[in-house]
Structures are given as C-alpha cells and as structure tokens.
Amino acid sequence: EPEVTQTPSHQVTQMGQEVILRCVPISNHLYFYWYRQILGQKVEFLVSFYNNEISEKSEIFDDQFSVERPDGSNFTLKIRSTKLEDSAMYFCASSEAEENTEAFFGQGTRLTVV
Amino acid sequence: GNSVTQMEGPVTLSEEAFLTINCTYTATGYPSLFWYVQYPGEGLQLLLKATKADDKGSNKGFEATYRKETTSFHLEKGSVQVSDSAVYFCALSANTGGFKTIFGAGTRLFVKA
C-alpha cells in the first residue's frame, strides 16, 4: 500500500539553527500539506502546496517557514531559525486533490529545539 | 471558517464497554468527514470516513454516521478493547477550504482491562 514517508523520525536542534524536514508524498497525489502537533495538543494546519506553489497557509506559517518541492518526489519544510516553541511533531500529508478523498499522513518528525 | 468540535477527554472505560465520542462540525459547502486515530508514539491513521449526508463509515468495529441535520459525526463502538486506547480526532475537509484537513482537539481514550 502506498504511503507517505518522512525523515528523520526525530531531530534535535539548537535554538537558532535551521532545520529541514523531508517528506516523500504518494506518487500520484497532487496536494501536499504540512501540519504541526505540539505535544498533547491538536493537529494544526500549516500550509498546503499545489501545482508547485503555496495554495494556502495559516497564520502559524510565518516568514521563518518555507516549503519546497525540489524534485519530482520530495517535499520539504524548512524552519530558518528555530525557536523553543517550534518543538512539536510535524506531519506531512498528501491527497489526490479531489472531493471526497482523504489526506494520507506520514508518521511524523518529532522536532526538539533545545 | 470551517471547524470541528469534539468532546473533551480523557474518556476512561472498562473493556467491553460502549463508546461514544461526540463530534460536531461547522462548514460551508459539503465537507467530507473523518475519524483519525493516533496510538501512543505513532502518527495519524485514518479510521473511517463518510463523504455525504447519511453515509455511515465503519472500520474495526467503529462506526460514525454523517448527520447533516445536526452537523454531527459521532464515533461509536459497541465493545471496546484495551488495544483501542489512543487519541481519536474528528476531522473534515471541504473544497471551500482548499481540501486541507481541519481537526478537532482530539479525545484521549483509556480502556482498562
């Protein structure tokens, strides 16, 4: 069964450092997403990406965040200068961009900023 | 904007008890509705879905019916097991929201043997 894969599963970084979280969406999907879940809290939408550009972003997704699809398979989330409050689980998801279809989620990357 | 409200947890049940987790939604257009489950230390798994009014989604003994008149999608299971202990998220997606998934706050379920 096709799946969304994320790497790494856990990343520890120092405050102020840049991190790149990587995702390989399902190959025939057209919409890609990043979500964040601070420990014990709800899953929050960060950004959606379609046709090689951001289609929507939340207020959380400020200038320190960026996304990129550098090639035909990878989808990355970059955080330029990490803050302690960026510590969270980050989920990548992809969907077929049609009505009535669900998003498929990766297993997540746990980011710890120290 | 679109939103999902679900009952707060935690919910603690004994094995074989009946489970209900309430979920209501607000959306423009015609959303699809989902329940996702997150087991300890794991990612989000789709548990079931319903795409139009009166549809019933079901999987692993869990059921939820899309009720447009009450804008609800309550999750039920007739007899829970210890292995059902997890966090359950009600969610929706709609073309009016760019297909992004909007989650409720999650309900933690503990099942005791």
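Please read all numbers here as calculations on a predicted model, not as lab measurements. (Residues numbered from 1 in each chain as written. Chains lettered and ligands numbered in written order. Predicted model: local features only at pLDDT ≥ 70, side-chain atom pairs only at ≥ 80, totals over all residues. Heavy atoms only, no water.)

K.L.:
How would you sum up the overall build of chain B? Please name residues and give values.
P.N.:
Scanning chain B for helices and strands turns up 0 helices and 12 strands. Start at the N end of chain B and walk to the C end: the helices and strands fall as β-β-β-β-β-β-β-β-β-β-β-β. Whereas a compact globule of 113 residues would reach a radius of gyration of roughly 13 Å, chain B reaches 13 Å, a difference of no more than 12%. With the C-alpha coordinates aligned to their principal axes, the bounding extent of chain B is approximately 45 × 30 × 20 Å. Looking at chain B as a whole, 49% of its 113 residues qualify as buried. Across chain B, contacts joining residues at least 24 apart in sequence account for 56% of those joining residues at least 6 apart. Charge-centre separation for chain B: the mean point of 10 positive side chains lies 6 Å from the mean point of 10 negative side chains. (Helix = DSSP H or I, 4+ residues; strand = E, 2+ residues; numbered from the N terminus. Rg over C-alpha atoms; globule rule 2.2 N^0.38 Å. Buried < 20%, exposed > 50% of the residue type's maximum accessible area, 1.4 Å probe, protein only. Contact = heavy atoms within 4.5 Å. Lys, Arg positive; Asp, Glu negative; His and termini not counted. Charge placed at Lys NZ, Arg CZ, Asp CG, Glu CD.)

K.L.:
Before we move on, can you summarise the state of the cysteines with the specific residues and values?
P.N.:
Counted under the stated rule, the structure contains 2 disulfides over all chains. Put simply, Cys23(A) and Cys92(A) are joined by a disulfide, and their sulfur atoms are 1.9 Å apart. When the S-S torsion is -65°, as for the bridge of Cys23(A) with Cys92(A), the disulfide is left-handed. With Cys23(A) in strand E3 (residues 19–24) and Cys92(A) in strand E9 (residues 88–95), this residue pair connects regions lying 69 residues apart in the sequence. Judged by its relative accessible area of 1%, Cys23(A) falls in the buried class. Two residues, Cys23(B) and Cys90(B), share a disulfide whose sulfurs are 1.9 Å apart. For the disulfide bridge between Cys23(B) and Cys90(B), the dihedral angle about the S-S bond is near -70°, and by the sign convention the bridge is left-handed. With Cys23(B) in strand E4 (residues 23–26) and Cys90(B) in strand E10 (residues 86–93), the pair connects residues that are 67 residues apart, well separated along the chain. Owing to a relative accessible area of 1%, Cys23(B) belongs among the buried residues under this scheme. (Disulfide = S-S within 2.5 Å.)

K.L.:
Provide a residue-level description of the pattern of salt bridges, including the pertinent values.
P.N.:
Residue and element names in this part refer to chain B. If you walk through the whole model with that rule in mind, you get 6 salt bridges over all chains. Taking the shortest distance from any N to any O, the salt bridge between Asp55 and Lys52 comes out at 3.3 Å. Judged by its relative accessible area of 51%, Lys52 falls in the exposed class. One salt bridge in this structure joins Glu63 and Lys56, with 3.6 Å as the shortest N-O distance. (Salt bridge = Lys/Arg side-chain N within 4 Å of Asp/Glu carboxyl O.)

K.L.:
Any chance you could break down the interface of chain B and chain A for me, citing the residues and the numbers?
P.N.:
At the interface, 21 residues of chain B touch 19 residues of chain A. Carbon and sulfur atoms supply 53% of the area buried between chain B and chain A, which totals about 1800 Å² over both sides. By the criterion of area lost to chain A, the three top residues of chain B are Leu44(B), Phe99(B) and Lys100(B), representing 31% of everything that side buries. Linking chain B with chain A are 2 salt bridges. (Buried area = accessible area lost by both parts, 1.4 Å probe.)

K.L.:
How would you summarise the pairing of strand E2 (residues 11–14) of chain B if you had to cite specific residues and measurements?
P.N.:
All names here are of chain B. Only one face of E2 is buried: it carries Val11 and Leu13, and the other face, with Thr12 and Ser14, is open. Strand direction decides the pairing type here: E2 and strand E12 (residues 107–112), joined by 4 bridges, are parallel. Bridge pairing in E12 links Val11 to Leu109. (Pairing = 2+ DSSP bridges.)

K.L.:
Any chance you could break down the packing of aromatic side chains for me, citing the residues and the numbers?
P.N.:
For any pair of aromatic rings, geometry is given as the distance between the ring centres together with the angle between the planes. Under the counting rule described, the total for this entry stands at 17 aromatic pairs over all chains. Between Phe105(A) and Phe103(B) the ring centres are 5.6 Å apart and the planes differ by 70°, which places this aromatic pair in the edge-to-face class. Remark: Phe103(B) occurs in strand E11 (residues 101–103) and Phe105(A) occurs in strand E10 (residues 104–105); the pair is interchain, linking two chains. For the pair Phe105(A) and Phe103(B), one class covers both residues: buried. Judged by centre distance (6.0 Å) and plane angle (80°), the ring pair of Tyr25(B) and Tyr66(B) falls under edge-to-face. Separated by 41 residues along the polypeptide, Tyr25(B) in strand E4 and Tyr66(B) in the loop between strand E8 (62–65) and strand E9 (75–77) bring together distant segments of the chain. A relative accessible area of 2% means that Tyr66(B) is categorised as buried. (Phe/Tyr/Trp six-rings, centres within 6.5 Å; stacked < 30°, edge-to-face > 60°.)

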